[in-house]
Amino acid sequence: MREKRTIARLSYSAASQYSDCAERWRLSRVYGLDKATYWVTMMGTAVHEVTEARDLDQVGLATDKHTPLLVEDVERAFTIAFDREKAARLKSGTTINASGRLLKTGIGKGGGPNKKDEEWARHYGPIMVQNWLDWRAANNYKVALFDAPDGKMIPGVELKVAKPLGGYPYVGYIDRVLVDGNGEYLVVDLKTGNPPQSTTQLKAYAAQLRAAGIPVAKAAYWMGMDGDVLEWVPMSTRGDAYIETWLNNVGRGLEAGIFPASPSTFCKACPVREYCMATGGARAGEVPPVTGPIEFVEVAA
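Keep in mind that what you see is a predicted model, and the values were worked out from it rather than measured.

**Student:** How would you summarise the packing of aromatic side chains if you had to cite specific residues and measurements?
**Tutor:** With the rule as written, the count across this model stands at 14 aromatic pairs. Here the aromatic rings of Trp120 and Tyr124 are separated by 4.7 Å at their centres, their planes lie at 45 degrees, and the arrangement is tilted. A residue pair is termed a helical-turn pair when its members lie 3 or 4 positions apart in one helix, as Trp120 and Tyr124 do in helix α5 (residues 118-138) at four residues. The burial state of Trp120 is the same as that of Tyr124; both residues are buried. Through a chain of ring-to-ring contacts, three or more aromatic side chains come together here, namely Trp132, Trp135, Tyr141, Trp222 and Trp232.

Printed below as a string of structure tokens:
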């Protein structure tokens, strides 16, 4: 079992996973034992791909890569993206699981006869895509466009931001940066699952944009099932200090090789639980109990 004791940079998902359960981070990212996913996760990927293609097409920046997803029929576009994601997962040997609740009354928002399985994902995926298109059409929000050094325009769609935060290299991909009628920048993160428990992700994105010289007025999670934002949260510079401190703590923990487990009710859904000593995983003995420091290595942008 090979170890990977280097990391190029932090991301929100990496830092969040480490904060939630550093042992899962170790098993997943050092030893590569996370070989399972969920149908809802794949649905989310497909929803993101189709909405990205449509928004890029609106500003004339869609490429040949996006063309197959620009067919007029939303369900067909989602099916193309979903089938592509499913094929890639199966080819890599990933196990695909159902989640959610078992419902005897048919498919509902919380699950279905076989929980949130492939049928559920194929049913609700196109609905979420249409919800996004309807929401965009009903609001006076435009996709932000930024000048690039080569003279081209960079759209606020899956916008990459890579300014150091907390003393460590950091990279983020922001679902949308929009502009409202007053010319103010808004951050929107598309969610196809449960509502997030905090606004930390939004604050991290806002801090990154400010580090790049782009002020952010407010940010929100857009919920695919509801077709609307949870709430608009003002983004002040006070949140930047928290993000810097949080990422610094994560970085120092990785460099020190500190990986405490955090057993909770979420363990039963953890994709690496069979390797975890904290949950009595049947294969826990196959993984060294201690991993050394994680080194941050510089890579080309």
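**Student:** Residue-level account of the nonpolar core, with values.
**Tutor:** One recurring pattern in soluble globular proteins: nonpolar side chains tend to sit buried together. If you look at the biggest cluster of nonpolar residues, it comprises 49 residues, and the most contacted ones within it are Leu10, Trp25, Leu209 and Leu254. Looking at this core, the elements with two or more residues in it are α1 (12-20), α2 (22-30), β9 (157-161), β10 (172-179), α6 (200-211), β12 (218-223) and α7 (238-256). No other element matches the six residues that α6 contributes to this core. For Trp25, the contacting residues outside a window of four places in its chain are Ile7, Ala14, Gln17, Tyr18, Val30, Leu254, Phe259 and Ile294. Among the nonpolar cores identified, the runner-up in size contains 20 residues, and Met43, Ala46, Ala77 and Trp120 belong to it.

**Student:** Outline α5, listing residues and values.
**Tutor:** The terminal C-alpha atoms of α5, which comprises 21 residues, lie 30 Å apart, in line with the 30 Å expected from a rise of 1.5 Å per residue. Here α5 has its buried residues at Trp120, Ala121, Tyr124, Gly125, Pro126, Met128, Val129, Asn131, Trp132, Trp135 and Arg136. One side-chain oxygen at the N-terminal end of α5 lies 3.3 Å from the backbone nitrogen of Glu119; it belongs to Asp117.

**Student:** Tell me about the pattern of salt bridges, and please be specific about residues and values.
**Tutor:** Tallying each qualifying case throughout the model produces 13 salt bridges. Between Asp240 and Arg210 there is a salt bridge; the shortest N-O distance is 2.8 Å. Of this pair, Asp240 sits in helix α7 while Arg210 sits in helix α6, placing them 30 residues apart in sequence. Residue Asp240 is classed as buried on the basis of its relative accessible area of 17%. Put simply, Asp83, Lys86, Glu118 and Arg122 are held in one network by salt bridges that share partners.

**Student:** Report on the side chain of Ser11, specifying residues and quantitative values.
**Tutor:** Structurally, the position occupied by Ser11 is in the loop between β1 (6-7) and α1. Here Ser13 takes part through its side chain, which lies 3.1 Å from a polar atom of the side chain of Ser11. Only 3.1 Å separates the side chain of Ser11 from the backbone nitrogen of Ala14, close enough to count as a polar contact. Once you skip the residues sitting within four places of it in the chain, Ser11 turns out to touch Tyr170 and Val171.

**Student:** Any chance you could break down the environment of Lys35 for me, citing the residues and the numbers?
**Tutor:** Note on placement: Lys35 falls in the loop between α2 and β2 (36-38). Distance in space between the C-alpha atoms of Lys35 and Gly93 is 7.4 Å, their sequence separation being 58 residues. The residues touching Lys35, leaving out its near neighbours within four places in the chain, are Gly93, Thr94 and Thr95.

**Student:** Help me get a handle on the packing of α1 against α7, residues and values and all.
**Tutor:** Where α1 contacts α7, the two axes come as close as 10 Å, and the packing angle between them is 70 degrees. In this view, α1 runs roughly perpendicular relative to α7, as classed from their interaxial angle. Seen from α1, the contacting residues are Tyr12, Ala15, Ser16, Tyr18 and Ser19; seen from α7, they are Trp246, Leu247, Val250, Gly253 and Leu254. Of the residues in the contact of α1 with α7, the class split is seven nonpolar, three polar and no charged.

**Student:** Lay out the side chain of Thr94 in plain terms, naming residues and giving numbers.
**Tutor:** Tracing the sequence through the fold places Thr94 in the loop between α4 (74-91) and β3 (95-97). Only 2.8 Å separates the side chain of Thr94 from the side chain of Ser92, close enough to count as a polar contact. With sequence-adjacent residues up to four places away left out, Thr94 is seen in contact with Lys35, Ala36, Thr37 and Arg89.

**Student:** With reference to specific residues and values, describe helix α3 (residues 39-58).
**Tutor:** Here α3 is 20 residues long and its end C-alpha atoms lie 29 Å apart, about the 28 Å a rise of 1.5 Å per residue gives. In the segment just after α3, Gly60 is the residue with positive phi, at about 70 degrees.

**Student:** Any chance you could break down the pairing of β10 for me, citing the residues and the numbers?
**Tutor:** Taken across its eight residues, β10 has seven buried, putting it largely inside the fold. In this structure, strand β6 (residues 142-143) lies alongside β10, joined through two bridges in antiparallel fashion. Within the sheet, the bridge partner assigned to Val143 lies in β10 and is Leu178. The pairing of β9 with β10 spans four bridges and is antiparallel. Bridge assignment links Lys160 to a residue of β10, and that residue is Tyr173. Pairing analysis gives four bridges linking β10 to strand β11 (residues 185-191), with the strands arranged antiparallel. Each bridged residue has a counterpart across the sheet, and for Val179 the counterpart in β11 is Tyr185. Two successive antiparallel strands, β10 and β11, enclose a turn made up of five residues, where Gly183 displays a positive phi of approximately 80 degrees.

What counts, and where the lines are drawn
- Residues numbered from 1 in each chain as written.
- Predicted model: local features only at pLDDT ≥ 70, side-chain atom pairs only at ≥ 80, totals over all residues.
- Heavy atoms only, no water.
- Phe/Tyr/Trp six-rings, centres within 6.5 Å; stacked < 30°, edge-to-face > 60°.
- Helix = DSSP H or I, 4+ residues; strand = E, 2+ residues; numbered from the N terminus.
- Buried < 20%, exposed > 50% of the residue type's maximum accessible area, 1.4 Å probe, protein only.
- Core = buried A, V, L, I, M, F, W, Y, C linked by side-chain atoms within 4.5 Å.
- Contact = heavy atoms within 4.5 Å.
- Expected span 1.5 Å × (residues − 1).
- Polar contact = N/O pair within 3.5 Å; in protein donor to acceptor, adjacent residues only side chain to side chain.
- Salt bridge = Lys/Arg side-chain N within 4 Å of Asp/Glu carboxyl O.
- Axes fitted to C-alpha atoms, helices over the stretch in contact; angles between N-to-C directions.
- Parallel < 35°, antiparallel > 145°, perpendicular 65-115°, else oblique.
- Nonpolar A, V, L, I, M, F, W, Y, C, P; charged D, E, K, R; others polar.
- Pairing = 2+ DSSP bridges.

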